[in-house]
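Residue strings, one per chain:
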Amino acid sequence: MTSVIELHSVSKKYAKSTRFSLEDISFSIKKGEKLGVFGPNGAGKTTLMSILCRIISETTGEVTYSDGNKNISNKAFLHTIGYVPQDFSFYPELSPYQNLRYFGTLYAIPKIELNTRIEELLSVLGLHHVMHKKIETFSGGMKRRVNLAIGIINNPSILFLDEPTVGVDVQSKNAIMAYLEELNKKGTTIIYTSHHMNEAEEFCDTIVLLDQGKLIVHDDLKSLIKQYNSTDLQALFLQLTGIEYRD
Amino acid sequence: MRKLFASIHKEFLLLINDKVGLLLMFMMPILLVFIITIVQDSTFKLVNDNNIEIIVVNKDKGGLGDSLSNLLASSGAFKITDRNKLSQKNIEKTLLGDDNLLALWIPENFSKQLTEKAKSVSTEMLSEFEIIDKASEVPQNPTKIILYYDPILQDNFRNSISGSIRSFLGALENRLMIEQLYEEMGFDEIPEKMEDKFFSNQVQIDQISANSSTGQAIPNSTQHNVPAWSIFAMFFMVISLGSNIVKERLSGSFVRLQTIPSSFSLVLLSKMCTYLFVALLQLTVIFALGKFVFPLIGLPTLSLPSNILGLFVISILSAFSAISFAMLVGTYAKTNEQANGFGAITIIILAAIGGIWVPTFVMPSYMQVIGNISPLHWCLEGYYTLFLKGGDWYLLAPTILFLILFILACQILIYSKLKIQNYI
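Quantities reported herein were computed from a predicted structural model and do not represent experimental measurements.

About the thresholds
Residues numbered from 1 in each chain as written. Chains lettered and ligands numbered in written order. Predicted model: local features only at pLDDT ≥ 70, side-chain atom pairs only at ≥ 80, totals over all residues. Helix = DSSP H or I, 4+ residues; strand = E, 2+ residues; numbered from the N terminus. Rg over C-alpha atoms; globule rule 2.2 N^0.38 Å. Buried ≥ 20, exposed ≤ 12 C-beta atoms within 10 Å, placed from the backbone. Contact = placed C-beta atoms within 7 Å. Axes fitted to C-alpha atoms, helices over the stretch in contact; angles between N-to-C directions. Parallel < 35°, antiparallel > 145°, perpendicular 65-115°, else oblique. Left-handed = near helix turned anticlockwise from the far one by under 90°. Nonpolar A, V, L, I, M, F, W, Y, C, P; charged D, E, K, R; others polar. Pairing = 2+ DSSP bridges. pLDDT = per-residue confidence, 0-100. Core = buried A, V, L, I, M, F, W, Y, C linked by C-beta atoms within 7 Å. Domains from an automatic or database assignment.

Novice: Give a detailed account of the overall build of chain B, specifying residues and quantitative values.
Specialist: The number of helices and strands found in chain B is 16 helices and 4 strands. In summary, chain B has a C-alpha radius of gyration of 31 Å against a globular reference of 22 Å for 424 residues, an excess of more than 25%. Across its three principal axes, chain B shows a C-alpha extent of roughly 110 × 45 × 40 Å. Relative to its 424 residues, chain B shows a buried fraction of 34%. Of the contacts formed within chain B by residues at least 6 apart in sequence, a portion of 81% connects residues at least 24 apart.

Structure representation (structure tokens):
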């Protein structure tokens, strides 16, 4: 498989910080991969995701993006990605339809195509019946699904998800994970963080484990469990990062 | 352009969902402009309408007390209420209890004393000219009238009233003295020809307002309050726009926007366009109230300036100043509470020192200097120049310059903060 993102010795140090949040990270993300980024609190997961999405820039090192064949510009790259932050990053005073129309227009999706896409997404995510209601009246699970819908309105080929199922009920979690599986089958590369180890173990095929800004492992999940003689992802996580609190 | 329209549309949707913000931006200033204009109207009338209500308690047994009262009434400066039965003690009670602010007490021997004084002066004058023999000096009791006033009256206003009464009293004394002179010289009365010359040939004082336009706008409660509270309303958008920015930032919408191939400046521009419309709508509503509703409830009508382009320029700059200030607060505030609390308190303070509540020209000189730091003061200065001074571009230039500098300073600070936060 060809790489869509490559990190070469990437380090990040924030202006007011005394230590590196990320230190000398190198790995690549393959096209169509389901990559899980894990680590204890303060490991550098959010910093890594932010660098990958170009929200912040790396202090040293280099990140290269390609569409599978050639390197692409920042603007072209942003057209290819979707980002689903952990926060509900939308306008709760507005309806799902109004939010999706706004963000979709910013992606310059043609009007008719956008309307079709909104209808399709809201139907798949079980939000069609409330598409014109204010989001502030929704449950946590419904809000998560709106958050996801906005992140994939542009039909991205690379999708970044930061804890997409935190605080939702089993039904919503099922619906979200099922839809992500479906997207991946259609060719979307997914980079995902979560503290739900069971969910992550079921979903991811490759993992990156970070601790204190350093890359501990990056490999196929099944191979790692076998290599470290662990029972599951959670056991592997504790084995590699220890049991002490990090915050 | 489609992206910009979508952003503006989103801002409008957020705005119409912000019921508290809308109430603060429209209902509050409308109520304030009504209440404060009605309250201040009586004060402005007291100063500007040449018709000061005064109680006259005339105990004089001669006719000069009436003459003085008639002189005051015929001057047009006073509205006389005769309350001759009031005692001196009761005058004070009346002033403290009623709406009247002034009372004039004329004693019962007023005519007698004034006549004796005139006679004495005329006799002395004639003896000085050696027309008659020197007469023996008769001791004179000083003539006294008493002006009672409500303690709320300011010194300068009270002194000007006292000065007016003194000048009428002077005219009365002069007439009496000349009459006495003629009488001493054997005339029954002053010849008509001389009377005209003595009493009618006064030096006229023409009053010209320093106004570059031909029209004469009178400073009244409407001319002050309508622009003043319109400016206050515009700046109070800090509650809506400031918290709108904080909410977007805290929710992570700004971060999401960074992952979308669209300029962040577009987001800021859409906010500016939306709130510029809001500010101009506030102005239109409050100005329309001043123009069409105020006269219906007995308040002075707002007279618009002749320099309509100047009005447009000052309004646009005032609106952009308010928008820039609100965005600045929203950008630097860490929480919604900070934005709302700091924004509201700052605007109230800047309004107070900027002359929104009370015009700066009645403030002490050091407060007038401090007032210059308030952008609301400069906005109001612009409207004063337009409404009261004819709106000459030369006079508007300092206001325009200050407001442009204020807007630029705010925008630079906003840009710097957003740059540090990596949004731009």
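Novice: Which residues make up the packing of helix H3 (residues 96-106) of chain A against helix H1 (residues 2-17) of chain B, and what values go with them?
Specialist: For the pair H3 of chain A and H1 of chain B, interaxial distance at closest approach is 9 Å and the crossing angle is 155 degrees. As the angle between them shows, H3 of chain A and H1 of chain B are arranged roughly antiparallel. Crossing angle aside, the handedness with which H3 of chain A passes H1 of chain B is left-handed. Between H3 of chain A, through Gln98, Tyr102, Thr105 and Leu106 of chain A, and H1 of chain B, the contact on the second element is made entirely by Arg2, Lys3, Ala6, Lys10 and Leu13 of chain B.

Novice: Mind laying out the interface of chain B and chain A, listing which residues take part and the relevant values?
Specialist: Accessible area lost upon the coming together of the parts is a frequently used measure of interface size. Across the boundary between the two partners, chain B contributes 18 residues, which contact 22 residues of chain A. Counting only elements with at least two residues in the side of chain B that touches chain A, the list comes to H1 and helix H10 (253-258) of chain B. Counting residues per element, the side of chain B that touches chain A draws most heavily on H1 of chain B, which supplies 7 residues. Its residues assigned to classes, the side of chain B that touches chain A shows 6 nonpolar, 8 polar and 4 charged.

Novice: Pulling in residues and values, what's your account of the sheet that holds strand S2 (residues 22-30) of chain A?
Specialist: Residue and element names in this part refer to chain A. Pairing in this open sheet of 3 strands is antiparallel, and the strands run S2-S1-S4 from one edge to the other. Two strands bound the open sheet, and with one partner strand each, they are S2 and strand S4 (60-65). Averaged over all pairs of adjacent strands, the angle between strand axes in this sheet comes to 5 degrees, irrespective of strand direction. Relative to S2, strand S1 (residues 3-12) runs antiparallel, the two sharing 6 bridges. Across the sheet, the residue bridging to isoleucine 5 is isoleucine 29, located in S2. In this fold helix H1 (residues 45-52) packs onto S1, S2 and S4, with an angle of close to 125 degrees to the strand it touches most, S1.

Novice: Outline the confidence of the model for chain B, listing residues and values.
Specialist: All names here are of chain B. Summarising the model, chain B shows a mean pLDDT of 84, and 90% of its residues fall at 70 or more. Across chain B, the element-wise mean pLDDT spans from 68 in helix H7 (residues 192-200) up to 94 in helix H12 (residues 308-332). This complex was scored by the predictor with a pTM of 0.75 and an ipTM of 0.85.

Novice: Which residues make up the nonpolar core, and what are the values?
Specialist: Nonpolar side chains in soluble globular proteins tend to end up buried together. Core analysis: the largest hydrophobic core is formed by 130 residues, its most contacted members being Ala149 and Phe160 of chain A together with Phe232, Phe235, Met237 and Val238 of chain B. With 12 residues, the top contributor of residues to this core is H12 of chain B. Apart from the residues within four sequence positions on either side, valine 238 of chain B is in contact with Phe325, Ala326, Val329, Gly343 and Ile347 of chain B. The next biggest cluster of nonpolar side chains, apart from the first, holds 18 residues, and it includes Leu68, Leu72, Leu104 and Leu114 of chain B.

Novice: Can you tell me about the domain arrangement of chain B, naming the residues and giving the values?
Specialist: Domain boundaries assigned for chain B yield domain 1 (8-44 + 218-420) and domain 2 (50-200). Centre-to-centre, using C-alpha coordinates, domain 1 of chain B lies 53 Å away from domain 2 of chain B.

Novice: Kindly report on the sheet that holds strand S3 (residues 102-106) of chain B, identifying the contributing residues and their values.
Specialist: Residue and element names in this part refer to chain B. The mixed open sheet is built from 4 strands, whose spatial order is S2-S1-S3-S4. Unpaired on one side and paired on the other, strand S2 (78-82) and strand S4 (146-149) mark the two borders of the sheet. The average undirected angle you get between the axes of adjacent strands in this sheet is 25 degrees. Across 4 bridges, the pairing between strand S1 (residues 52-58) and S3 is parallel. Looking at the pairing, asparagine 58 lines up with isoleucine 106 of S3. Strands S1, S3 and S4 of the sheet are contacted by helix H6 (residues 155-184), whose axis makes an angle of about 155 degrees with S4.

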